[in-house]
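A look at the structure
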Amino acid sequence: MDKPISNENEEKKSLNFIEQLVEKEIKEEKHNGKILTRFPPEPNGYLHIGHAKAICVSFGIAKKYGGKTNLRFDDTNPAKEEARYVDAIKEDIKWLGFEWEGEPKFTSDYFDQLYTWACDLIKKDKAYIDSQSSEEMAKQKGTPTTPGTHSPNRSRSVEENLDLFERMKNGEFEEGTHVLRAKIDMAHSNMHMRDPLMYRIINAPHHRTGDKWHIYPMYDWAHGESDYIEGITNSLCSLEFEIHRPLYEWFVENIKSDMYQPLQSEFARLNLNYTVMSKRKLLQLVEENLVTGWDDPRMPTISGLRRRGYTPKSIIDFADTIGVAKRNNTIDVAVLENSVRNDLNKTAPRVMAVLDPIKVVIDNFTEGEVEWLDAENSQEDESLGFRKVPFTKEIYIEREDFREQANKKFFRLKLDKEVRLKNAYIIKAVSVEKDEEENITVIHATYDPKSKSGSGTEESLRKVKGTLHWVSVSESVDAEIRLYDRLFMNENPDGDKEKDFKEFLNPDSLEVITAKVEPSLKECKSQDRFQFQRMGYFVADNDSTANKLVFNKTVGLRDSWAKKDK
RNA sequence: UGCCCCAUGGUGUAAUGGUAACACAUCGGUUUUUGGUACCGCCAUUCAAGGUUCGAGUCCUUGUGGGGUAACCA
């Protein structure tokens, strides 16, 4: 049982490129061996599975090397951001099981310091106020092959710049009339270095600072500086910020007063097929009521996955499986589904629920009798024990589990053939009743009284190929079941230039049915997860009450019969 | 068009100059009172061409392909 430590180390040897970098820094005692990362969401929407990956990367690397992680809301644009998102984001991170260091931080906490530093840059002649329109400035920016030209305002005096900047701050100007720009190099091959904007005027109240400010810092100016203020050692972000790194470094180098400097590293964001991963598009789905909300179980949001029945562990395992690298990737949703199945297979108690019921009458079973049978709660975890399930003369089975005639490949119930009822008896179908339209309404069967499951009799040990789940007609209860399919029919819904992503919405992504479930489920609580045996994993929805059970389908079981039967 | 990044099975991720591994998917099989789980097997000489080396997926050069980038968004 006790493995040698060296063995474990060998197994874990493989490191992603960020881990390699951090191990190198630790070895070189770069920050005295300290690691502090940050997760910097903008509070303008809910977190999705892509953020979950980023959370696992930033929190994960710190955790692995004995460091900490700050949660910092990047709230530099009051026009787009709202306080309600702050709470949702905190809840999602906590639910995943990560703990941020101290209180949550806000970029807006640093507005004063940022303003002071901006004044310092003006005084050092490294920033100036530009009073042109954005069109004029865009024109002067040049193109990738031709250098830009200087703004006529570039040579304004320090005094004039300082005066204008203060008046901008005080709200004396309209939006769009002035901006503060860094004075770097209008001929730089990296367009981001051609005198980038640091501040713009926004006359909108901020969710935390109210109407104190009329100027707000741009991302590039605020981010590295916030990292510097907090003492972040490794600032991990996605690939599209790679080209911003020289600017990130230029800003920090020009304001810092010591040897310390945070390092930005970039990794590829997560893409999943059959969904969209843009907050703007997810917001559209919510606002146009194409889903029921940010936590609709079809949404790739963390709150949606939670309501769908995903576990924190399954999401963390998923992030671990897909890895961290620099190349663009698209992960098959099947990988995500696999991680939740893996977790739930080990943890979810098994119960019986019939989703599409058809009645079976056991002709030789006593009318009115209820026999309570023992049923194992999990084949994967003995400690979950047993429960009682009621067996009666009339039961329901799944409609698709019966055919009058079928070939040998069909292991389920057919006329004159035997099948085992899970936890109960072996039965044989003898006849059917049909309505005028030839639809089967009732199946008649006989049972073998000596074949009771677990009894150990010769009859019970008989080899029968098929085993069906079932519930008692009189003792079962109704439950609303919400069956979900993928939200989009296209693998890459936002990859078509001609078509809007919403054209690919799957009209059948939600199906609501009423199922018959075993009576033990009456006791279940919201968020309880189960395997409905042979059907899949289901979770009690928040809408579920003692009087009306509601379950969401998390994911189906792997089904090799469904594939063959096609 | 400039600059930056990337290139390993169908999809992802490893191999840190020394026998291309793992996960998912697919297909086939064994076990099974869930057509589940578990287990086994099939599936790539690493974008191309040169070079360095006893030895290259790994280092160098060139090419090709993909992505990013020129918001008063982050």
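Presented here is a report on the structure given in the accompanying data block. (Residues numbered from 1 in each chain as written. Chains lettered and ligands numbered in written order. Predicted model: local features only at pLDDT ≥ 70, side-chain atom pairs only at ≥ 80, totals over all residues. Heavy atoms only, no water.)

**Some thoughts on the overall build of chain A**
When its secondary structure is counted, chain A shows 14 helices and 27 strands. Each principal axis of the C-alpha atoms in chain A carries an extent, and together these give about 100 × 60 × 45 Å. Within chain A, the fraction of its 566 residues that count as buried is 51%. Across chain A, every contact between residues at least 6 apart in sequence was considered, and the portion connecting residues at least 24 apart equals 70%. Accessible surface, chain A as shown: approximately 27700 Å² in total, 47% of it carbon and sulfur. Counting 85 positive and 100 negative side-chain charges, chain A places the averaged centre of each group 4 Å from the other. (Helix = DSSP H or I, 4+ residues; strand = E, 2+ residues; numbered from the N terminus. Buried < 20%, exposed > 50% of the residue type's maximum accessible area, 1.4 Å probe, protein only. Contact = heavy atoms within 4.5 Å. Areas by Shrake-Rupley, 256 points an atom, 1.4 Å probe, with all protein chains shown as cover. Lys, Arg positive; Asp, Glu negative; His and termini not counted. Charge placed at Lys NZ, Arg CZ, Asp CG, Glu CD.)

**Here's the deal with the protein's contact with RNA strand B**
Taken together, 67 residues form the shell around RNA strand B, and within it Thr-145, Arg-350, Arg-412, Ser-453 and Arg-558 come nearest. If you look at RNA strand B and keep only atoms within 4 Å of the protein, 66% of those are sugar or phosphate atoms. Residue contributions to the surface near RNA strand B peak at four residues, all from helix 13 (residues 333-347). Residues of the surface near RNA strand B, tallied by class, amount to 21 nonpolar, 26 polar and 20 charged. (Near = heavy atom within 4 Å. Nonpolar A, V, L, I, M, F, W, Y, C, P; charged D, E, K, R; others polar.)

**Quick look at the environment of Lys-522**
Relative to the elements of secondary structure, Lys-522 occurs in the loop between strand 24 (510-517) and strand 25 (529-532). Since its relative accessible area comes to 43%, Lys-522 is described here as partly exposed. Each C-alpha atom of the pair Lys-522 and Trp-294 lies 28 Å from the other, and the pair is 228 residues apart in sequence. When near neighbours in sequence (up to four residues on either side) are disregarded, Lys-522 contacts Val-477 and Leu-549.

**Thoughts on the packing of aromatic side chains**
For the structure shown, the criterion picks out 26 aromatic pairs. Look at Phe-532 and Phe-538: their rings are 4.2 Å apart centre to centre, the planes differ by 15°, and that puts the pair in the stacked class. As far as burial versus exposure is concerned, Phe-532 and Phe-538 are alike and both buried. Among the aromatic residues, those joined into a cluster by ring pairs are Phe-111, Tyr-115, Phe-165, Tyr-199, Trp-213 and Tyr-216. Over the face of the ring belonging to Trp-95 we find Arg-306, whose NZ or CZ atom lies 5.1 Å from the ring centre. In this structure, Lys-465 is placed above the aromatic ring of Phe-411, and the distance from its NZ or CZ to the ring centre is 5.0 Å. (Phe/Tyr/Trp six-rings, centres within 6.5 Å; stacked < 30°, edge-to-face > 60°. Lys NZ or Arg CZ within 6 Å of the ring centre and 35° of its normal.)

**Side note on the sheet that holds strand 2 (residues 68-73)**
In spatial order, the strands read 1-2-3; together these three strands make up an open sheet with parallel pairing. The sheet is open, and its two borders are formed by strand 1 (36-39) and strand 3 (105-106), each paired with just one other strand. Relative to strand 3, strand 2 is paired through two bridges, and the arrangement is parallel. Across the sheet, Phe-73 pairs through a bridge with Phe-106, a residue of strand 3. This element, helix 3 (residues 49-64), spans strand 1 and strand 2 of the sheet and lies at about 165° to strand 1. Set on the sheet, helix 8 (residues 219-230) makes contact with strand 1, strand 2 and strand 3; between it and strand 2 the angle comes to about 135°. (Pairing = 2+ DSSP bridges. Axes fitted to C-alpha atoms, helices over the stretch in contact; angles between N-to-C directions.)

**Remarks on the nonpolar core**
Ranked by size, the top nonpolar core spans 45 residues in total, and within it Ile-18, Phe-39, Ile-49, Ile-55, Ile-93, Leu-272 and Phe-318 carry the most contacts. Of all the secondary-structure elements, those providing two or more residues to this core are helix 2 (17-27), helix 3, strand 2, helix 4 (83-96), helix 11 (302-308), helix 12 (312-322) and helix 13. Counting residues per element, this core draws most heavily on helix 3, at nine residues. The residues touching Phe-39, leaving out its near neighbours within four places in the chain, are Leu-47, His-51, Ala-54, Ile-55, Phe-59, Thr-69, Asn-70, Leu-71, Arg-72 and Ile-93. With 38 residues, the next largest nonpolar core counts Leu-36, Trp-213, Ile-232 and Val-252 among its residues. (Core = buried A, V, L, I, M, F, W, Y, C linked by side-chain atoms within 4.5 Å.)

**Some details on a negative patch on the surface**
Together, Asp-496, Glu-498, Asp-500 and Glu-503 make up a region of like negative charge exposed at the surface. Mapped onto the elements, Glu-498 comes out in the loop between strand 23 (477-484) and strand 24. (Patch = residues over 30% accessible without salt bridge, like charges linked within 9 Å, V, L, I, M, F, W, Y side chains within 5 Å. Salt bridge = Lys/Arg side-chain N within 4 Å of Asp/Glu carboxyl O.)

**Thoughts on the packing of helix 3 against helix 12**
What describes two packed helices is the angle between their axes and the distance between those same axes. Running from amino to carboxyl end, helix 3 crosses helix 12 at an angle of 75°, the nearest separation of the two axes being 9 Å. On the basis of the axis angle, helix 3 is roughly perpendicular to helix 12. Along its contact with helix 3, which presents Ile-49, Ala-52, Lys-53 and Cys-56, the element helix 12 presents Ile-315, Ile-316, Phe-318, Ala-319 and Ile-322. (Parallel < 35°, antiparallel > 145°, perpendicular 65-115°, else oblique.)

**With respect to the packing of helix 5 (residues 111-123) against helix 8**
Two elements in contact, helix 5 and helix 8, have axes whose closest approach is 11 Å; the angle formed by their N-to-C orientations is 110°. It follows from the interaxial angle that helix 5 and helix 8 lie roughly perpendicular. For the pair helix 5 and helix 8, the sense of crossing is right-handed. Residues Gln-113, Leu-114, Trp-117, Ala-118 and Leu-121 of helix 5 pack against Trp-221, Ala-222, Glu-225, Tyr-228 and Ile-229 of helix 8. Taken together, the residues of the contact of helix 5 with helix 8 break down into eight nonpolar, one polar and one charged. (Left-handed = near helix turned anticlockwise from the far one by under 90°.)

**Quick word on the pairing of strand 6 (residues 197-201)**
Of all the five residues making up strand 6, four are buried; the element is thus mostly covered by neighbouring parts of the structure. The pairing of strand 5 (residues 179-182) with strand 6 spans three bridges and is antiparallel. Paired with Leu-180 across the bridge in strand 6 is Tyr-199. Bridge count between strand 6 and strand 7 (residues 215-217): three bridges; the pairing is antiparallel. Note on strand 7: the bridge partner recorded for Tyr-199 is Pro-217.

**Notes on the pattern of salt bridges**
Tallied over the entire structure, the rule returns 45 salt bridges. As a salt-bridge pair, Glu-25 and Lys-30 come within 3.5 Å of each other at their nearest N and O atoms. Taking the relative accessible area as the measure of exposure, Glu-25 reaches 5% and is therefore buried. Residue class for Lys-30 comes out partly exposed when judged on its relative accessible area of 40%. Two residues, Asp-130 and Arg-181, come together in a salt bridge whose shortest N-O distance is 2.8 Å. Separated by 51 residues along the polypeptide, Asp-130 in strand 4 (residues 127-130) and Arg-181 in strand 5 bring together distant segments of the chain. The two residues Asp-130 and Arg-181 agree in class, both being buried.

No statement about biological role is implied by the geometric values presented.
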